[in-house]
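Structural overview for review
So you can see what is in the structure, the chains are spelled out below.
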Amino acid sequence: MAGGGSSMASGLRKISDTTWDNLGVLVGVLACGTIGYQVLHEWRAPGPSSVSIWFVVGFLFVYLFWFLYGVRFGRRGIWLPNAVAAVLQVLFAAAVLARQ
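A quick note: this is a predicted structure, and the numbers were derived from the prediction, not measured.

Here we look at the overall build of the protein
- Secondary structure assignment for the protein yields four helices and zero strands.
- Walking the protein from its N terminus toward its C terminus, one meets helices and strands in the order α-α-α-α.
- In terms of its C-alpha atoms, the protein occupies a principal-axis envelope of roughly 55 × 30 × 20 Å.
- Each of the 100 residues in the protein was classed as buried or not, and the buried ones make up 27%.

With respect to the packing of helix α2 (residues 17-44) against helix α4 (residues 76-98)
- Running from N to C, α2 and α4 cross one another at 5°; their axes reach a closest spacing of 8 Å. For the element pair α2 / α4, the angle class is roughly parallel.

Structural notes on the confidence of the model for the protein
- Looking at the protein, the pLDDT average stands at 92 and 96% of residues meet or exceed 70.
- Averaged over each element, pLDDT in the protein is lowest for helix α1 (residues 2-13) (79) and highest for helix α3 (residues 53-72) (97).

Observations concerning the packing of aromatic side chains
- Evaluated as defined, the whole model comprises six aromatic pairs.
- Arranged with centres 5.0 Å apart and planes meeting at 80°, the rings of F65 and W66 form a pair that is edge-to-face.
- What makes W66 partly exposed here is its relative accessible area of 37%.

Topic: the packing of α3 against α4
- Following both chains from N to C, one finds α3 and α4 inclined at 160°, their axes separated by 8 Å at the closest point. Between α3 and α4, the crossing angle belongs to the class labelled roughly antiparallel. The handedness of the crossing between α3 and α4 is left-handed. Touching I53, V56, F59, L60, Y63, L64, W66, F67, Y69, G70 and V71 of α3 are I78, W79, N82, A83, A85, A86, Q89, V90, F92, A93, V96 and L97, all from α4.

Some remarks on the pattern of salt bridges
- A full pass over the atoms with the stated rule returns two salt bridges.
- Residue R75 pairs with D21 through a salt bridge whose shortest N-O separation is 3.3 Å. Placement of R75 in the loop between α3 and α4 and of D21 in helix α2 is noted, with a sequence separation of 54 residues between them.
- Put simply, E42 and R99 hold a salt bridge, and the shortest N to O gap is 2.7 Å. With E42 in helix α2 and R99 in the segment after α4, this residue pair connects regions lying 57 residues apart in the sequence. Taken as a pair, E42 and R99 share a single burial class, namely buried.

Cut-offs used in this document
Residues numbered from 1 in each chain as written. Predicted model: local features only at pLDDT ≥ 70, side-chain atom pairs only at ≥ 80, totals over all residues. Heavy atoms only, no water. Helix = DSSP H or I, 4+ residues; strand = E, 2+ residues; numbered from the N terminus. Buried < 20%, exposed > 50% of the residue type's maximum accessible area, 1.4 Å probe, protein only. Axes fitted to C-alpha atoms, helices over the stretch in contact; angles between N-to-C directions. Parallel < 35°, antiparallel > 145°, perpendicular 65-115°, else oblique. pLDDT = per-residue confidence, 0-100. Phe/Tyr/Trp six-rings, centres within 6.5 Å; stacked < 30°, edge-to-face > 60°. Left-handed = near helix turned anticlockwise from the far one by under 90°. Contact = heavy atoms within 4.5 Å. Salt bridge = Lys/Arg side-chain N within 4 Å of Asp/Glu carboxyl O.

The structure is reproduced here in structure tokens:
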């Protein structure tokens, strides 16, 4: 098993940093799309929200951490999607609070 992991790590290291950053942005766009869809659903749904504000705030902190991490290490594939996710999460929090 150790040999297989080493081989996989070696293969992953062959992928360029630019490719990793581009993949990070692409995957981040897809992830932010799911958050955006949830924000729209939350604004449009009738009645009180079933989403805990603490859940939303918890994820906001996660996105902010990874945004700062990406800025610190100069990784566009990390900071850019997490910056967008943090903004969407603030909108999500506003939608949840508006429905309580």
